[in-house]
Amino acid sequence: STYLCDTTSGNVTVFLPDFPTVGKIWHIKKIAVNNTIQIRVNAPNSIDGLLVKNITALNNSYSLQFDGATYKII
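What you see is a predicted model; the values in this text were computed from it and never measured. (Residues numbered from 1 in each chain as written. Predicted model: local features only at pLDDT ≥ 70, side-chain atom pairs only at ≥ 80, totals over all residues. Heavy atoms only, no water.)

Caption draft 1: Expanded view of the nonpolar core. By size, the foremost hydrophobic cluster in this structure holds 13 residues, and its most contacted members are Leu-16, Ile-28, Ile-37, Ile-39, Ile-47 and Tyr-71. Of all the secondary-structure elements, those providing two or more residues to this core are strand E3 (25-30), strand E4 (37-40) and strand E6 (61-66). The residues contacting Ile-28, other than those within four sequence positions of it, are Tyr-3, Cys-5, Val-14, Leu-16, Ile-37, Ile-39, Ile-55, Asn-60, Ser-61, Tyr-62 and Leu-64. (Core = buried A, V, L, I, M, F, W, Y, C linked by side-chain atoms within 4.5 Å. Buried < 20%, exposed > 50% of the residue type's maximum accessible area, 1.4 Å probe, protein only. Helix = DSSP H or I, 4+ residues; strand = E, 2+ residues; numbered from the N terminus. Contact = heavy atoms within 4.5 Å.)

Set out below in structure tokens:
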């Protein structure tokens, strides 16, 4: 899944699912200058050991893959 997040009007929060299909990949990209994208997961899931990952710069992105236990930035 690809999410192009427009943060022009404010911060955007993307919640990743607790029990997705193993191997599923999410692409999340910031397409506006202002504000922040916050990518969140619920414990015991994590994103490379964190519950929250932020994207603050224009055109920065993360691709995340679920490995059956946690999300990995790839």
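Let's pick the thread back up.
Caption draft 2: Geometry of the packing of aromatic side chains. Following the criterion strictly, the structure yields two aromatic pairs and no others. Consider the rings of Trp-26 and Tyr-71, whose centres lie 5.4 Å apart with planes at 65 degrees: the pair is edge-to-face. Here Trp-26, found in strand E3, pairs with Tyr-71, found in strand E7 (residues 71-73); they are 45 residues apart in sequence, far enough to count as distant. Judged by its relative accessible area of 4%, Trp-26 falls in the buried class. Taken together, a centroid distance of 5.0 Å and an interplanar angle of 55 degrees make the contact between Phe-66 and Tyr-71 tilted. We note that Phe-66, like Tyr-71, is buried. (Phe/Tyr/Trp six-rings, centres within 6.5 Å; stacked < 30°, edge-to-face > 60°.)

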